[in-house]
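Spelled out from the first residue to the last, the chains are:
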Amino acid sequence: DRSSAASDVYKRQEELLFRGALQPLMGFWPTSLLFGLLHGGGAPRLFAWTIFAFLSGLLLGGLAIWTGSLLAPILCHLTVNFWNLLALNDEPDARP
């Protein structure tokens, strides 16, 4: 559907920004921290989500470094979001 396609485009652009542009300029750790902070929004109730996003940023940044490509972090990001959306879906037949 269109929302899924839009999400896929957004994740690719997000990886191009964080791993393709910011990580080479800012470095691995600062980019991962920024990724976490922007995903959690700084709200105390989203602290766990911020930590999860920071750890995800470490994984995605590490994949970019390890492979020398943005393909692996893009595919990883798309996969994680796919499973998250399935888990959040209220339709019983859509749950993993």
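Residues numbered from 1 in each chain as written. Predicted model: local features only at pLDDT ≥ 70, side-chain atom pairs only at ≥ 80, totals over all residues. Heavy atoms only, no water.

### Regarding helix α2 (residues 28–40)
In this model α2 runs 19 Å from its N-terminal to its C-terminal C-alpha over 13 residues, within 8% of the 18 Å that 1.5 Å per residue would give. Within α2, the full set of buried residues consists of T31, S32, F35, G36 and G40. Seen along its axis, α2 keeps its buried residues to an arc of 160 degrees; they face one direction. (Helix = DSSP H or I, 4+ residues; strand = E, 2+ residues; numbered from the N terminus. Expected span 1.5 Å × (residues − 1). Buried < 20%, exposed > 50% of the residue type's maximum accessible area, 1.4 Å probe, protein only. Arc of directions from axis to C-beta.)

### With respect to the pattern of salt bridges
Following the criterion strictly, the structure yields one salt bridge and no others. A salt bridge links R19 to E15, with the nearest nitrogen and oxygen atoms 2.7 Å apart. Of this pair, R19 and E15 both sit in helix α1 (residues 2–26), separated by four residues, roughly a single helical turn. One exposure class covers both R19 and E15, and it is buried. (Salt bridge = Lys/Arg side-chain N within 4 Å of Asp/Glu carboxyl O.)

### Overview of the environment of F35
Mapped onto the elements of the fold, F35 is located in helix α2. Under the relative-accessibility criterion, F35 is labelled buried at 2%. Sequence-wise, F35 and F54 are 19 residues apart; in three dimensions their C-alpha atoms are separated by 6.1 Å. In contact with F35, not counting residues within four places along its chain, are E14, E15, F18, R19, A53, S56, G57, L60 and H77. (Contact = heavy atoms within 4.5 Å.)

### Re the packing of α2 against helix α3 (residues 47–67)
The axes of two packed helices give the description: the angle between them and the distance between them. Two elements in contact, α2 and α3, have axes separated by 7 Å at closest approach and are oriented at 140 degrees. Classified by the angle their axes make, α2 and α3 are oblique. You can see that α2 and α3 cross each other, and the crossing is right-handed. Across the interface between the two elements, F28, W29, S32, L33, F35, G36, L37, H39 and G40 of α2 pack against W49, T50, A53, F54, S56, G57, L58, L60, G61, G62 and I65 of α3. Looking at the contact of α2 with α3 residue by residue, the class counts come to eleven nonpolar, nine polar and no charged. (Axes fitted to C-alpha atoms, helices over the stretch in contact; angles between N-to-C directions. Parallel < 35°, antiparallel > 145°, perpendicular 65-115°, else oblique. Left-handed = near helix turned anticlockwise from the far one by under 90°. Nonpolar A, V, L, I, M, F, W, Y, C, P; charged D, E, K, R; others polar.)

### Notes on the packing of α3 against helix α4 (residues 71–88)
Two elements in contact, α3 and α4, have axes separated by 8 Å at closest approach and are oriented at 150 degrees. In terms of orientation, α3 and α4 fall into the roughly antiparallel class. Counted together, W49, L59, L60, L63, A64 and T67 of α3 and A72, P73, C76, H77 and N84 of α4 form the full contact between these two elements. Partitioned by chemical class, the residues of the contact of α3 with α4 number eight nonpolar, three polar and no charged.

### Description of the nonpolar core
One finds F18, L22, F35, L60, L63 and C76 forming the largest nonpolar core, which totals six residues. Secondary-structure elements contributing two or more residues to this core are α1 and α3. In this structure F18 touches Q23, T31, L34, F35 and L38, once residues within four positions along its chain are discounted. (Core = buried A, V, L, I, M, F, W, Y, C linked by side-chain atoms within 4.5 Å.)

### Some words on the side chain of S32
Residue position: S32 is located in helix α2. The exposure class of S32 is buried, given its relative accessible area of 0%. Only 3.3 Å separates the side chain of S32 from the backbone oxygen of G57, close enough to count as a polar contact. Polar contacts involving the side chain of S32 include one to the main-chain amide nitrogen of L58, which spans 3.5 Å. (Polar contact = N/O pair within 3.5 Å; in protein donor to acceptor, adjacent residues only side chain to side chain.)

Remember, this is a structural readout, not a statement about activity or role.
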